[in-house]
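Structural characterization, general
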Amino acid sequence: MSRHTRLPGESAEYLAAREELRLAEIELMRHRERVAAQRRALPQGAPVDDYVFVEGPADLDAGDAPVREVTLSGLFTAPDRPLIVYHFMYGKRQTEPCPMCTMWIDGYNGVAHHIARNADFVIAAAADPPTLRQHARRRGWSRLRLLSCGDSGFKYALGSEDAEGEQDSTVSVFTRDADGTVRHVYSAHPRLAEDIQERGIDLLSPVWHLLDLTPGGRDDWYPGLDY
């Protein structure tokens, strides 16, 4: 038995249950690594159109103009770097920023400089640049590249928007070939199945995992925009 603590008051029942849990957590870790390896081993993805995005100044405090257009292929900053796009539920039918997406992006802002060591990372939303940037200023998202794509078919093609303009949170990964062709590698959505509506991208935020460590778990708690 491998103990994580040296507390004298731990009962034999607790220690036995804790050891059983430790072994289950090891198997969960190994299964997660097997799934990650399976994800990495996907065959070559389909080429995608070189969609056009709109972005404002890199400095959030510099206002919202001028805006410039940038293509999907132009988001790659160097050869052999993957591109990660988080699809933010904001814009069109989603007239208020999604609180859950906002919580996730709060976290990304804190770790963006770490991600940048290995991959390019952007936030894409259907909201227009001033609207997106206003929310970003309220949240302090100074480290993130914020893109508007409401006038392109990007979100629809990747499944984060339907024909009526309803938005969904999604994460997508792309690569760029030597000839400039952008390829889709992987996308994940919250809805893994009819009976799994909101758990498909839990790994994108540590908040749920920290709450799951507590006796009450996450229960029915959802993030909000009012704190």
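Presented here is an overview of the structure given in this document. (Residues numbered from 1 in each chain as written. Predicted model: local features only at pLDDT ≥ 70, side-chain atom pairs only at ≥ 80, totals over all residues. Heavy atoms only, no water.)

Re the overall build of the protein chain
Tallying secondary structure elements over the protein chain gives 5 helices and 7 strands in all. Starting at the N terminus and ending at the C terminus, the protein chain contains elements arranged as α-β-β-β-α-β-α-β-α-β-β-α. Here the analysis covers contacts within the protein chain between residues at least 6 apart in sequence; of these, 58% occur between residues at least 24 apart. For the protein chain, the accessible area works out to roughly 13600 Å², and carbon and sulfur atoms hold 54% of it. (Helix = DSSP H or I, 4+ residues; strand = E, 2+ residues; numbered from the N terminus. Contact = heavy atoms within 4.5 Å. Areas by Shrake-Rupley, 256 points an atom, 1.4 Å probe, with all protein chains shown as cover.)

Quick notes on the side chain of K155
In this fold, K155 is placed in helix α4 (residues 154–157). Here K155 sits buried without a salt bridge, and the closest side chain of opposite charge, E161, lies 4.9 Å off (N-O distance). Ignoring sequence-local partners within four residues, the contact set of K155 consists of H87, F88, A124, A125, A126, C149, S160, E161, Q167 and D168. (Buried < 20%, exposed > 50% of the residue type's maximum accessible area, 1.4 Å probe, protein only. Lys, Arg positive; Asp, Glu negative; His and termini not counted. Salt bridge = Lys/Arg side-chain N within 4 Å of Asp/Glu carboxyl O.)

Focus on helix α3 (residues 129–139)
Of the positions making up α3, those classed as buried are P129, L132, R133, H135 and A136. Buried residues along α3 cover an arc of 160° about the axis, so they all sit on one side. If you follow the buried residues of α3, they end up packed against β1 (52–55), β3 (83–88), α2 (99–115), β4 (120–125) and β5 (145–148). Just past α3, the residue G140 takes up positive phi, approximately 75°. (Arc of directions from axis to C-beta.)

Comments concerning the pattern of salt bridges
Scanning all chains against the criterion turns up 17 salt bridges. The salt bridge involving E19 is made with R22; its shortest N-O contact spans 2.8 Å. You can see E19 and its partner R22 sitting in helix α1 (residues 12–40), 3 residues apart, about one turn around the helix. Here E19 matches R22 in class, with each residue buried. Two residues, R183 and D177, come together in a salt bridge whose shortest N-O distance is 2.7 Å. R183 gets classed as buried once you look at its relative accessible area, which sits at 16%.

Digging into the pairing of β5
In this structure, β4 lies alongside β5, joined through 4 bridges in parallel fashion. Within the sheet, the bridge partner assigned to A125 lies in β5 and is S148. In this fold, the crossover linking β4 to β5 by way of α3 has right-handed handedness. (Pairing = 2+ DSSP bridges. Right-handed = clockwise from strand over helix to strand, strands pointing away.)

As for the packing of aromatic side chains
Geometry of an aromatic ring pair is reported as the spacing of the ring centres plus the angle between the planes. This structure, assessed with the given rule, holds 9 aromatic pairs. With centroids separated by 5.6 Å and ring planes inclined at 70°, the aromatic side chains of Y51 and F154 adopt a geometry described as edge-to-face. Of this pair, Y51 sits in the loop between α1 and β1 while F154 sits in helix α4, placing them 103 residues apart in sequence. In this pair, the class of Y51 matches that of F154, namely buried. Relative to F154, the ring of F53 lies with its centre 5.0 Å away and its plane at 70°, an arrangement referred to as edge-to-face. Of this pair, F53 sits in strand β1 while F154 is found in helix α4, placing the two residues 101 residues apart along the sequence. The pair formed by F53 and F154 is uniform in burial state, with each residue classed as buried. Just above the ring of Y186 sits the side chain of R39; from NZ or CZ to the centre is 5.1 Å. (Phe/Tyr/Trp six-rings, centres within 6.5 Å; stacked < 30°, edge-to-face > 60°. Lys NZ or Arg CZ within 6 Å of the ring centre and 35° of its normal.)

Examining the side chain of D120
Positionally, D120 belongs in strand β4. D120 has contacts with L75, F76, T77, A78, R81, P82, L83 and I84, leaving out every residue within four places of it along the chain.

Thoughts on the nonpolar core
Ranked by size, the top nonpolar core spans 26 residues in total, and within it Y86, F88, I123 and L144 carry the most contacts. Secondary structure elements with two or more residues in this core: β3, α2, β4 and α3. At 7 residues, the largest contribution of residues to this core is made by α2. Ignoring anything within four residues of it in the chain, the contact list for L144 reads I105, Y108, N109, A112, F121 and I123. With 16 residues, the next largest nonpolar core counts V70, L75, F174 and V182 among its residues. (Core = buried A, V, L, I, M, F, W, Y, C linked by side-chain atoms within 4.5 Å.)

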